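# Residue-level structural notes
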Amino acid sequence: MMKTIKIYFVLLAIIIAAFSVNADDGYGLWLNYQKAPEPVLKNYHQQIKSMMVLKNSPTLKVAENELFKGLVGILGRQVSVVSEIEEGSVVAGNISALNSLLNEKIKSEIKDAGEEGYIISSVESEGKNIILITANSDVGVLYGVFNFLQLLQTGKDIGKLDIISSPKVKIRVLNHWDNLDRTVERGYAGFSLWDWHRLPGYLDPRYTDYARANASLGINGTVLNNVNANPAMLTPQFLEKAAALADIFRPYGLKVYLSVKFSSPVDIGGLNTADPLEIDVQEWWKKKIEEVYSYIPDFGGLLIKANSEGQPGPQNYDRTHAEGANMLADALAPFGGIVMWRAFVYDNNVPDDRAKQAQNEFKPLDVQFRDNVLVQVKNGPIDFQPREPFHPLFGAMPGTPLMMEFQITQEYLGQATNLVYLAPMYKECLDSDTYAKGEGSTVAKVVDGSLENHKLTGMAGVANTGNDRNWTGHLFGQSNWFTFGKLAWNHELTSEEIAEDWIKMTFYSDSEVVASIKKIMLESRETTVNYMTPLGLHHIMGRGHHYGPGPWVTGGRPDWTSLYYHKADKEGIGFDRTPSGSNATGQYFKPVADMFANLETCPEEYLLWFHHLPWDYKMKSGKTLWEEICIHYYDGVKSVRNMQVAWGALQDKIDSEKFKHVQMLLSVQEKEAVWWRNSCVLYFQTFSEMPIPNGFEKPDQTLEYYRKLTFRFAPGN
Ligand code: GCW
């Protein structure tokens with residue numbers, strides 16, 4: 001009998017261990033709060049004895065719960081919640097609640113922390129050593145708590161804390177391209193998180209987890225619905241649902257915004273025009289916005305895609321983007337709401353060069369927008385390609401705050417089957433020098449307002465979330481959500497720093513594992529560029545769904561074909577955007593324009609973006625352009641294989657479920673990389689008529705084979 005019981009307990013222990021250590025499906029994101037490893041654990045135990053949050057608001061209640069949960073997890077023991085400070089207390093609260101504990105230094109520094117910033121400081125009070133987390137606002141305290149926990153999760157020394165942090169941009173929002181039927185445009189992680197049908201009655205606990213995840217990154221807003229907006233979003237039925245989400249998000253500092261269709265006054269308002277200069281139309285919007293605020297008193301504002309890809313807009317009535325945006329801005333202004341007006345325009349006439357269109361349309365409108373309007377600009381002038389030069393609008397509209405739009409969902413970067421860490425791509429854009437006001441006028445300075453002293457600033461990320469158990473489809477997609485939030489708060493962080501924190505918070509592993517995952521992540525974006533669109537190639541993905549290669553896509557609207565972008569023929573390949581071509585280079589400021597236009601100075605990674613060159617053009621390496629194209633495609637595949645090997649070596653070092661998930665996806669990625677390489681090399685070879693260099697494995701399928709592949713139900717389309 002005794003023996004059976006023993007065996008039973010041993011089995012039970014094994015089962016529990018298996019489930020707790022080896023079955024992490026990724027739902028907990030970077031917020032699992034695993035026990036800290038020795039030796040830091042010992043220090044933390046000495047330094048943290050108890051906690052106290054001075055709370056009088058739902059936000060501070062959230063902060064208290066989070067701090068408690070975090071400390072218990074990380075310290076691996078109970079934590080007492082005290083009402084008087086003790087030696088080793090972690091004390092959090094806003095400045096008025098903590099007033100008596102603040103020293104002169106904190107009192108003067110807190111002014112610089114602004115509305116959402118915070119201070120984390122080791123101080124001595126009444127002879128006791130404590131850690132203070134304080135801010136001007138409650139949400140600042142919450143951000144401070146998350147940051148403090150992150151310090152512990154990443155094993156930082158907390159002996160002498162002296163941190164002051166505040167966000168570099170004001171509006172830090174996710175853009176969900178989620179439709180009301182729960183499909184997600186360019187979504188690869190299942191269906192929309194918003195269960196519209198069951199809202200507002202049924203409140204999925206996941207909504208709270210979503211808000212918490214965003215708050216942990218400092219994301220303070222979310223646009224719930226697709227920019228290709230359904231006018232029903234503004235009907236009472238859906239406003240009530242949106243309001244239910246807003247109520248859940250509020251304590252987390254997360255404001256709700258909506259995308260609207262410009263023709264809404266006609267679609268749902270019974271008017272026969274949406275002309276922004278018509279009084280009736282203006283009145284309709286004023287009433288509608290008033291109604292929105294009656295549902296959501298702290299509503300953030302509107303996001304609009306107008307006169308782009310078939311969406312209606314002010315140009316339908318011969319009005320400008322500014323006239324359209326200002327009408328909405330006037331309706332929102334009394335409530336403090338803002339308009340985010342997108343510059344991704346794509347009109348009904350095929351332009352000589354689509355890369356120039358946004359600047360052609362928007363630059364002349366500078367200083368015409370109301371104070372509560374931001375123009376939202378994609379990072380590059382075409383469309384979220386694996387690599388684009390920065391958008392020439394940055395710096396070109398000094399009188400208008402320009403907001404950055406990054407894409408987190410990997411529409412053009414392997415969707416949810418490819419491991420691609422996007423921080424290097426975001427940073428490449430943010431760090432680019434526009435030269436708008438001489439050297440040092442980086443895109444980041446345009447976006448954070450410091451270049452022109454704009455107070456209203458913002459950064460948007462097209463979300464990669466869905467109702468997949470792990471939120472983002474690919475586990476590493478989580479790192480891109482994380483990255484977006486971190487960079488929106490502080491664009492000065494490096495890709496390395498962000499990767500390192502995310503890895504530690506996700507895999508809680510030793511430094512060797514961290515180093516090896518970090519290497520995989522940091523190389524992944526360049527790897528993808530190599531097997532998809534090396535040397536400045538772009539927009540050669542499959543038609544419609546953008547899944548896989550489609551360099552052969554022709555027919556239909558020219559600027560929706562690959563041929564339009566690569567312009568390959570017997571003579572050569574690439575889009576001539578120099579003054580002898582479309583002169584898109586002329587949209588950049590002086591030294592940049594010349595750098596791109598001049599073959600001597602154009603960085604090779606943008607070569608075919610700006611130049612049409614013969615196949616035998618001599619590259620810096622001494623090899624021909626054709627050879628270099630091949631080398632890049634083959635390198636891309638090789639790097640994916642290296643990633644597989646490096647990942648394989650982690651087998652016994654990380655959670656087995658996470659390991660297998662990524663391992664399987666890496667093998668899908670390897671096949672897709674080969675598919676990309678073979679398709680592109682074989683296709684371009686029909687023009688170059690040159691051989692694949694010696695020593696490279698020959699494609700095992702014909703071009704015809706690849707051209708015939710179809711994917712009828714590819715997601716996100
Ligand atoms: O990247 C393209 C996508 C469209 C998207 C559009 C946009 C929401 O292919 O699906 O529409 O950009 O940004 O408006």
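By convention here, each chain's residues receive numbers from 1 onward along its written sequence. Owing to the predicted nature of the model, reporting of local features is limited to residues with pLDDT of at least 70; listing and counting of side-chain atom pairs is limited to 80 or more, with chain, interface and lining totals taken over all residues. Only hydrogens and water are set aside; all other atoms, that is, all heavy atoms of the structure, feed into the side-chain values.

### Side note on the overall build of the protein chain
What the protein chain contains, in helices and strands, is 23 helices and 16 strands. Against the globule reference of 27 Å for 717 residues, the protein chain gives a C-alpha radius of gyration of 27 Å, in line with a compact fold. Seen through its C-alpha atoms, the protein chain measures out along the principal axes to roughly 80 × 70 × 55 Å. By residue count, 60% of the 717 residues in the protein chain fall in the buried class. Two residues form a contact once any of their heavy atoms are found within 4.5 Å. Across the protein chain, the fraction of contacts at a sequence separation of at least 24, relative to all contacts at a separation of at least 6, is 73%. For the protein chain, the computed accessible surface area is about 27700 Å², with 52% contributed by carbon and sulfur atoms. Only runs of H or I of at least four residues qualify as helices and only runs of E of at least two qualify as strands under DSSP, and these elements are numbered from the N terminus. The globule rule used for comparison is 2.2 Å times the number of residues to the exponent 0.38, while the radius of gyration itself is calculated over C-alpha atoms. With a 1.4 Å probe rolled over the protein chains alone, any residue whose accessible area is under 20% of its type maximum counts as buried; one over 50% counts as exposed, and the rest are partly exposed. Only the protein chains shown count as covering a residue, and every accessible area follows the Shrake-Rupley method with a 1.4 Å probe.

### Regarding the packing of helix H10 (residues 279–295) against helix H11 (residues 321–332)
Interaxial distance between H10 and H11 falls to 8 Å at its minimum, and their mutual angle equals 45°. Relative to H11, the element H10 lies oblique. Note on packing geometry: the crossing formed by H10 with H11 is right-handed. Packed against H10, whose contacting residues are Val281, Gln282, Trp285, Lys286, Ile289 and Tyr293, the element H11 presents Met327, Leu328, Asp330, Ala331 and Leu332 at the interface. Per-class residue counts for the contact of H10 with H11 are eight nonpolar, one polar and two charged. Only the stretch in contact is used when a helix axis is fitted, and all axes are lines through C-alpha atoms; the angle between N-to-C directions ranges over 0 to 180 degrees. Angle categories are assigned with fixed cut-offs, so that under 35 degrees is roughly parallel, over 145 is roughly antiparallel, 65 to 115 is roughly perpendicular, and the rest are oblique. Crossing handedness is defined as follows: a turn of the near helix away from the far one that is anticlockwise and smaller than a right angle gives a left-handed crossing, while the clockwise case is right-handed. Residues are grouped as follows: nonpolar covers Ala, Val, Leu, Ile, Met, Phe, Trp, Tyr, Cys and Pro; charged covers Asp, Glu, Lys and Arg; every other residue, Gly included, is treated as polar.

### As for the pairing of strand E4 (residues 118–125)
Within a regular strand, side chains alternate between the sheet's two faces. Burial of E4 is extensive: six of the eight residues sit out of reach of the surface. Pairing analysis gives eight bridges linking E4 to strand E5 (residues 128–135), with the strands arranged antiparallel. By the bridge assignment, Ser121 is partnered in E5 with Leu132. One bridge is not enough; two strands pair if DSSP finds at least two bridges between them. In sequence, E4 turns back onto E5 through a hairpin of two residues, with Glu126 there showing a positive phi of about 50°. The sheet contact formed by E4 and strand E6 (residues 162–165) spans four bridges and is antiparallel. Bridging from a neighbouring strand, Ile119 pairs with Ile164 of E6.

### Overview of the sheet that holds strand E12 (residues 373–378)
Around the barrel, which closes on itself, the eight strands sit in the order E7-E8-E9-E10-E11-E12-E13-E14 with parallel pairing between neighbours. Direction aside, the axes of adjacent strands within the sheet are offset by 25° on average. As judged from the four bridges shared by strand E10 (residues 301–304) and strand E11 (residues 338–342), these two strands associate in the parallel manner. In the sheet register, Gly301 faces E11, and the bridge partner there is Ile338. Sitting on the sheet, helix H13 (residues 423–430) is in contact with strand E13 (402–407) and strand E14 (458–462), with an inclination near 155° to E13.

### Topic: the packing of aromatic side chains
What describes a pair of aromatic rings is the distance from one ring centre to the other and the angle between the planes of the rings. Within 6.5 Å between ring centres, the rings of Phe, Tyr and Trp (the latter by its six-membered ring) count as paired, and their orientation is classed by plane angle as stacked under 30 degrees, edge-to-face over 60, tilted in between. One pass over the structure, following the stated rule, counts 42 aromatic pairs. For the pair Tyr564 and Tyr565, a centre-to-centre distance of 4.8 Å together with 75° between the ring planes defines the contact as edge-to-face. Looking at Tyr565, the relative accessible area reads 1%, which means it is buried. A centroid spacing of 5.3 Å and a plane angle of 80° characterise the contact between Tyr683 and Phe687, whose relative ring orientation is edge-to-face. Here Tyr683 pairs with Phe687, and both are found in helix H22 (residues 656–688), just four residues apart, close to one helical turn. An aromatic cluster of at least three residues, connected via ring pairs, comprises Tyr27, Trp30, Trp194, Tyr207, Tyr210, Phe249, Trp471, Trp481 and Phe482. Cation placement over rings: the criterion is NZ of Lys or CZ of Arg within 6 Å of the ring centroid and within 35° of the ring normal. Between the NZ or CZ atom of Arg557 and the centre of the ring of Trp560, over which it lies, the distance is 5.1 Å.

### Some remarks on the site of the ligand
Any residue with at least one heavy atom within 4 Å of a molecule or strand is counted as near it. Close to the ligand lie 15 residues, the nearest being Glu185, Lys305, Arg342, Lys378 and Glu411. Arg186 is positioned such that a nitrogen or oxygen atom in its side chain is 2.9 Å from an oxygen atom of the ligand. By the criterion applied in these results, polar contacts are pairs of N or O atoms within 3.5 Å in which, for protein atoms, one can donate a hydrogen and the other can accept it, and in which residues neighboring in sequence qualify only through two side-chain atoms. At 2.7 Å, a side-chain N or O of Asp383 approaches an oxygen atom of the ligand. Expressed as a share of its isolated accessible area of 340 Å², the protein-covered part of the ligand is 97%. Its residues assigned to classes, the shell around the ligand comprises four nonpolar, three polar and eight charged.

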